[in-house]
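Secondary and tertiary structure notes
Letter by letter, the chains look like this.
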Amino acid sequence: MLGGKRTALAAISAVAIVAAVTGGAGMAGANRLDETLRTNQVQVLATHNSYHIQQDAPIQSSPTTQYTHAPLDQQLDLGIRGFEIDVVDAPDGTFPVVHTPVVDATSNCTPIAQCLQVTRRWSEAHPGHVPIFILIEPKNDDIDFTIDPTLRRFDPAGVDRLDAAVRSALGRQLITPDSVRGTAKTLRGAVLGRRGWPPLSKTRGKVLVALNTGGAIRDAFLQGHPSLEKRAMFVTADEQSPAAAVIKVDDPDETRILQLVKEGFIVRTRADADLVEARSGDTSRREVALRSGAQIVSTDFEVAVPAIGGDYVVKIPGGTPARCDPVNAPKNCRPSDVENPKQLRR
């Protein structure tokens with residue numbers, strides 16, 4: 001009887017030791033640095049216009065959209081951890097995902113709720129993943145509403161409904177502004193101050209969504225919510241805004257991005273644009289984007305497309321598939337601390 005108790009106590013002790021080493025996380029989250037590595041100390045690869053499927057006939061008015069992305073869950077299988085998705089406001093209350101209505105309207109998921117549900121299902125099946133970052137862009141100014149007169153311009157009610165749709169689709173999978181701000185007076189103050197971004201133990205297996213726009217739509221979204229109180233989405237903000245946490249610097253200005261990253265912001269930049277780099281074979285922009293420390297590096301070429309760009313492709317160097325941020329991550333950080341394929345699934 002005594003021997004049985006000792007065996008049981010030994011087993012309990014072993015479990016306690018494992019819990020202490022892993023920060024109490026489950027097996028999917030049992031990464032070495034999960035309690036100390038912050039959400040803003042990682043670098044992930046994202047796709048631009050992640051939903052886009054090239055039209056069968058080339059579009060003369062839009063020659064820079066001659067590319068096709070795989071379905072979102074397949075992109076996630078490849079190691080993509082960030083999406084950009086354009087939406088329009090339809091009268092039925094949905095938000096169709098489209099680049100240009102009628103003219104360039106083929107998508108690998110639509111409406112936005114379906115895209116988010118695909119992401120959520122993949123996330124639930126792979127809870128060890130580093131956070132997935134999704135930028136949602138409500139389209140107004142660059143849409144010719146005479147092409148499809150049933151569409152509506154985004155107004156304050158429209159962005160409220162979009163925010164509600166994001167919360168409904170992702171639920172507890174969301175990293176919300178409230179969860180990052182905590183008791184700080186502003187979201188900006190939280191991420192730049194002692195609180196900082198949450199450790200990966202709090203955000204692993206979750207999704208952060210940001211409203212990717214400026215001007216009147218963003219102003220409407222922030223009205224009454226200056227620090228994104230009770231909102232599901234972050235915004236790509238001006239860096240002095242109380243809501244500043246995620247900053248967009250599409251053209252990779254290395255000096256500016258380095259400063260923003262060191263201050264505590266999460267930055268999104270683009271490794272290529274309008275097929276220019278792929279067609280020319282010029283990798284200099286790609287290298288600057290990766291070196292800058294921007295946490296979200298977006299591309300149209302997560303896989304090579306020989307017919308367009310030869311062997312041009314963007315990958316996170318040494319990533320598994322993500323890596324420690326080259327600017328602000330701890331020196332003892334390894335790519336497997338960010339995401340370990342062996343701990344990706346349940």
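Residues numbered from 1 in each chain as written. Predicted model: local features only at pLDDT ≥ 70, side-chain atom pairs only at ≥ 80, totals over all residues. Heavy atoms only, no water.

Digging into the overall build of the chain
What counts is decided by this rule: A run of H or I in DSSP counts as a helix once it spans at least four residues, and a run of E counts as a strand once it spans at least two, with each numbered from the N terminus. Working rule for contacts: check all heavy atoms of both residues, and any pair within 4.5 Å makes them a contact. The method behind every accessible area is Shrake-Rupley, applied with a 1.4 Å probe, and residues are considered shielded solely by the protein chains displayed.
Within the chain, the secondary structure is distributed over 13 helices and nine strands. Of all intrachain contacts in the chain linking residues separated by at least 6 positions in sequence, the fraction that spans at least 24 positions is 70%. When the accessible surface of the chain is split by element, carbon and sulfur atoms take 54% of a total near 15,100 Å².

Topic: a nonpolar patch on the surface
We apply this condition: Exposure above 30% relative accessible area and no salt bridge define the residues that can form patches, which grow by joining like charges within 9 Å and nonpolar side chains of Val, Leu, Ile, Met, Phe, Trp and Tyr within 5 Å. Definition used for salt bridges: Asp or Glu carboxyl oxygen within 4 Å of a side-chain nitrogen of Lys or Arg.
Taken together, the side chains of Val102, Val103 and Ile147 present a nonpolar region at the surface, about 230 Å² in accessible area. Following the sequence through the fold, Val103 ends up in the loop between β2 (82-87) and α3 (112-125).

Side note on the nonpolar core
For the record, the criterion: We define a nonpolar core as any set of buried Ala, Val, Leu, Ile, Met, Phe, Trp, Tyr and Cys residues linked to one another through side-chain atoms lying within 4.5 Å. Burial status follows relative accessibility: with a 1.4 Å probe on protein chains alone, a residue under 20% of its type maximum counts as buried, one over 50% as exposed, and anything between as partly exposed.
With 87 residues, the main nonpolar core has Ile85, Ile112 and Phe234 as its most contacted residues. One finds Val88, Val98, Phe145 and Leu151 within the second-largest nonpolar core, a separate group that totals six residues.

Observations regarding helix α11 (residues 284-291)
Considered for burial, the residues of α11 that qualify are Arg285, Arg286, Val288, Ala289 and Leu290. Of the surrounding elements, those touching the buried residues of α11 are β1 (42-47), α9 (254-263), β7 (266-270), α10 (276-280), β8 (296-299) and β9 (323-324). Note on α11: the residue one or two positions beyond its end, Gly293, has a positive phi of about 95 degrees.

With respect to the environment of Val327
For Val327, the position within the fold is in the loop between β9 and α13 (335-338). You can call Val327 partly exposed: its relative accessible area is 24%. Spatially, the C-alpha atoms of Val327 and Gly293 are 5.1 Å apart, while their sequence positions differ by 34 residues. Contact partners of Val327, with chain neighbours within four places excluded, come to Leu258, Val261, Lys262, Arg291, Ser292 and Gly293.

Notes on the pairing of β7
Rules: Clockwise travel from the first strand over the helix to the second, with the strands pointing away from the viewer, marks a crossover as right-handed.
Among the five residues in β7, five count as buried, and that is most of the element. Tracing the backbone out of strand β6 (residues 246-248), into α9 and back to the parallel element β7 gives a crossover that is right-handed.

A short note on the confidence of the model for the chain
Under the convention used in this document: pLDDT measures the predictor's confidence residue by residue and takes values from 0 up to 100.
In the predicted model, the chain carries a mean pLDDT of 90, and the fraction of residues at 70 or more is 89%. The low-confidence segment residues 1-29 (pLDDT under 50) makes 13 contacts with residues lying over four places distant or belonging to another chain.

With respect to the packing of α3 against helix α4 (residues 156-170)
Formally: Axis lines are fitted through C-alpha atoms, for helices just across the contact stretch, and the angle between N-to-C directions can take any value from 0 to 180 degrees. Angles below 35 degrees are treated as roughly parallel, those above 145 as roughly antiparallel, those between 65 and 115 as roughly perpendicular, and all remaining angles as oblique. Take the far helix as your reference; a near helix turned counterclockwise from it by less than a right angle gives a left-handed crossing, and one turned clockwise gives a right-handed crossing. Under this grouping Gly is polar, as are all residues other than the nonpolar Ala, Val, Leu, Ile, Met, Phe, Trp, Tyr, Cys and Pro and the charged Asp, Glu, Lys and Arg.
Packing of α3 against α4 leaves a shortest axis separation of 9 Å and a crossing angle of 30 degrees. Here α4 runs roughly parallel to α3, going by the angle between their axes. Considering the relative orientation of α3 and α4, their crossing is right-handed. Residue-level inspection shows Ile112, Ala113, Leu116 and Arg120 of α3 in contact with α4, the latter providing Leu162, Ala165, Val166, Ser168, Ala169 and Leu170. When the residues that make up the contact of α3 with α4 are grouped by side-chain class, the tally is eight nonpolar, one polar and one charged.

Examining the pairing of strand β4 (residues 207-211)
Note the threshold: Paired strands, as defined in this entry, are two strands with at least two bridges between them according to DSSP.
Counted residue by residue, β4 has five buried out of five residues, so it is predominantly covered. Of the two faces of β4, both are covered, the one formed by Val207, Val209 and Leu211 as well as the one formed by Leu208 and Ala210. Where β4 meets strand β5 (residues 234-235), two bridges bridge the pair, whose relative direction is parallel. Note on β5: the bridge partner recorded for Ala210 is Phe234.

Some words on helix α8 (residues 215-222)
Along α8, the positions that sit buried rather than exposed are Ile217, Arg218, Ala220, Phe221 and Leu222. Positive backbone phi, at 80 degrees, marks Gly224, one or two positions downstream of α8.

Here's the deal with the packing of aromatic side chains
We count it as follows: Note on ring pairs: Phe, Tyr and Trp rings are taken, using the six-membered ring of Trp, and paired if centres are within 6.5 Å. Classes follow the plane angle, with under 30 degrees stacked, over 60 edge-to-face and the rest tilted. Think of it as a cone above the ring: NZ of Lys or CZ of Arg counts as a charge over the ring if it is within 6 Å of the ring centre and within 35 degrees of the ring normal.
Applying the stated criterion to the full structure yields three aromatic pairs. Judged by centre distance (6.0 Å) and plane angle (25 degrees), the rings of Trp197 and Phe234 are stacked. Of the two residues, Trp197 is situated in the loop between α6 (187-192) and α7 (200-203) and Phe234 in strand β5; the sequence distance between them amounts to 37 residues. Each member of the pair Trp197 and Phe234 is classed as buried. With 5.7 Å between their ring centres and 85 degrees between their planes, Phe301 and Tyr312 make a pair best called edge-to-face. In this pair, Phe301 sits in the loop between β8 and α12 (306-309) while Tyr312 sits in the loop between α12 and β9, placing the two residues 11 residues apart along the sequence. For the pair Phe301 and Tyr312, a shared accessibility class is recorded, and that class is buried. The cationic tip of Arg231 hangs over the ring face of Phe221; the distance from NZ or CZ to the ring centre is 4.1 Å.

What to know about the pattern of salt bridges
The full count for this structure, using the stated rule, is 19 salt bridges. Put simply, Arg270 and Asp300 hold a salt bridge, and the shortest N to O gap is 3.9 Å. With Arg270 in strand β7 and Asp300 in the loop between β8 and α12, this pair connects stretches of sequence that are 30 residues apart. Exposure remark for Arg270: the relative accessible area of 11% places this residue in the buried category.

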